[in-house]
Amino acid sequence: MEAQRELVFSLGYFIVAVCLVVPPREFVSLGLTVQNLFSSYLGMEDLHFISFHLKRTAVTIRFHSLLPLGYYISLGLVSPDLKLFSFHERNGLIAPVFLLLSLTVFLAAVLIALYWSRKNWKNHPLVNTLSHHGNPWIDVAARINIEFRRIDKFSSHIGGTSVYITDSWIIKCSAYRVDIAHKPDVHLNILKAENHEISIETNSAVQFLNIQISSINSAVKPFVIRLNSLDYSELKEKIHAPIVNARNVVIHQSLSDQFVKAFKEQVEQNQRFHIDRNTEVPEPCIGCMQQESNIKLQKLCALSDVGTCVQCFCRPMWCLECMGKWFASRQDQSTPGNWMSSTSPCPTCRATFCVLDVSLLT
């Protein structure tokens, strides 16, 4: 009976320890993460990103190093018959050796954290990484902090690892390390894809992409980011650079991305709308502000007094991709098979149109 209780406790402690190291969604929602437990010391990530992660990595290595010692103490309390606290009454070497190793791991972690924090974190690996991008490292940290506060950054969180892409930086934050690369200096290469039949977070099939980030700066070591394939399109928009797919990895697209692709194919077959580019210069798309507006809505699906679609009198203000995303967002998400035959209001004047009413500019 005692052995069974010890086995159940050991299994339960192991599961909790793994969840603390790699927190699942439930632990995050309950606030059982290093970031939340020590939030008063760490500060706010959004305001002081570099300072936050200097402290977080040091706290994390110490907190995780306590888990083996915590197991030893907890097991001694749960099973007094083991006499783990009675040094003269125990038999065998397993318990003393485990205790010695646990203390060694904890003391080593404390010494490492103290070494990192000396001289204003001068010895921390993150400071060393920042120094590869410019000196003094404080100036580089300040630029990263400013960009991280912007709301248009890309972010992805998988397990205990986070990936952020700002206007100038690619950042990967893991438990004990932060990798940073200057975006204009990098090359991205898709290494492989991992397909899973079910995800513990979404209860549906999921594909993860492993993408290597390599910098032309020889001092910056390559690192790999792990990304949900549904975020791949957003990643490409933020990177503004080609991503090499030498292994021809088949990337699963989101339902919206698949529709936008079909939407573009249909619009390319529609009647074109001619403008005089000598007198009328297309403005930037008001949806993305990156591409020039290249489509015009005009009723072509039927006669002017037939059907639900009406004539739109707005000047060209949207690009094809943004209009496709807008059209998809206005549909019933439970019936994607009906999207192509459905209608949508114009994002500017609310005039009803269908896919056949979208014309590319010539």
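Per an unreviewed UniProt entry, the recorded name for the protein is E3 ubiquitin- ligase TM129-like, and the organism is Paramuricea clavata. UniProt, in the comment section headed Sequence similarities (unreviewed entry), describes the protein in these words: "Belongs to the TMEM129 family." Its UniProt record, at the heading Subcellular location (unreviewed entry), says of the protein: "Membrane".

K.L.:
So what's going on with the overall build of the protein? Residues and values would help.
P.N.:
The helix and strand inventory of the protein stands at 11 helices and 12 strands. The C-alpha radius of gyration computed for the protein amounts to 28 Å, which surpasses the reference 21 Å derived for 362 residues by more than 25%, pointing to a less compact arrangement than a globule. In terms of its C-alpha atoms, the protein occupies a principal-axis envelope of roughly 95 × 55 × 40 Å. Expressed as a percentage of its 362 residues, the buried residues of the protein come to 41%. Intrachain contacts of the protein at a sequence separation of at least 6 include 59% that bridge at least 24 residues. Side-chain charges of the protein comprise 33 positive and 30 negative groups, with the mean position of each set lying 7 Å from the other.

K.L.:
Any chance you could break down the pairing of strand E6 (residues 206-215) for me, citing the residues and the numbers?
P.N.:
Of all 10 residues making up E6, 8 are buried, and the element is well covered by its neighbours. Pairing of strand E5 (residues 186-196) with E6, which is carried by 10 bridges, proceeds in the antiparallel orientation. Bridge pairing links Val186 to Ser215 in E6.

K.L.:
Can you explain the pairing of E5? Please cite residues and give values.
P.N.:
Sheet topology places E5 next to strand E8 (residues 243-244); 2 bridges connect them, and they run parallel. Directly across from Asn189, in E8, lies its bridge partner Val244.

K.L.:
Pulling in residues and values, what's your account of the pattern of salt bridges?
P.N.:
Evaluated as defined, the whole model comprises 10 salt bridges. With its nearest N and O atoms 2.6 Å apart, the salt bridge here joins Glu237 to Lys325. Taken together, the residues span a long stretch of sequence, with Glu237 in helix H9 (residues 232-239) and Lys325 in helix H11 (residues 320-329) at a distance of 88 residues. A salt bridge links Arg315 to Glu283, with the shortest nitrogen-to-oxygen separation between them at 3.3 Å. Note that Arg315 is positioned in the loop between strand E9 (295-297) and H11 and Glu283 in the loop between helix H10 (255-267) and E9, a separation of 32 residues in sequence. A residue is classified by how much of its surface remains accessible, and Glu283, at 35% relative accessible area, is partly exposed. Taken together, the salt bridges that share partners define one network made up of Arg150, Asp152, Asp167 and Lys238.

Conventions we followed
Numbers given for residues are sequential positions, taken from 1 along each chain in its written order. Residue-level local features of this predicted model are given only where pLDDT is at least 70; pairs of side-chain atoms are given and counted only at 80 or more, and the full residue set underlies all totals for whole chains, interfaces and linings. With hydrogens and water stripped out, all remaining heavy atoms of the structure feed into the side-chain values. UniProt positions are given in the numbering used here, feature names are shortened, and annotations may be inferred rather than shown by experiment. Counting from the N terminus, the helices are the DSSP runs of H or I reaching at least four residues and the strands are the DSSP runs of E reaching at least two. Our radius of gyration is a C-alpha quantity, and the globule rule it is checked against amounts to 2.2 Å times the number of residues to the power 0.38. Each residue gets one of three labels from its accessible area relative to the maximum for its type: buried under 20%, exposed over 50%, partly exposed in between, using a 1.4 Å probe on protein chains only. In what follows, a contact means two residues having at least one pair of non-hydrogen atoms within 4.5 Å. Asp and Glu count as negative and Lys and Arg as positive, but His and the ends of the chain are not part of the count. The atom standing in for a charge is NZ when the residue is Lys, CZ when it is Arg, CG when it is Asp and CD when it is Glu. Two strands qualify as a pair provided DSSP detects at least 2 bridges between them. Here, a salt bridge means any Lys or Arg side-chain nitrogen found within 4 Å of an Asp or Glu carboxyl oxygen.

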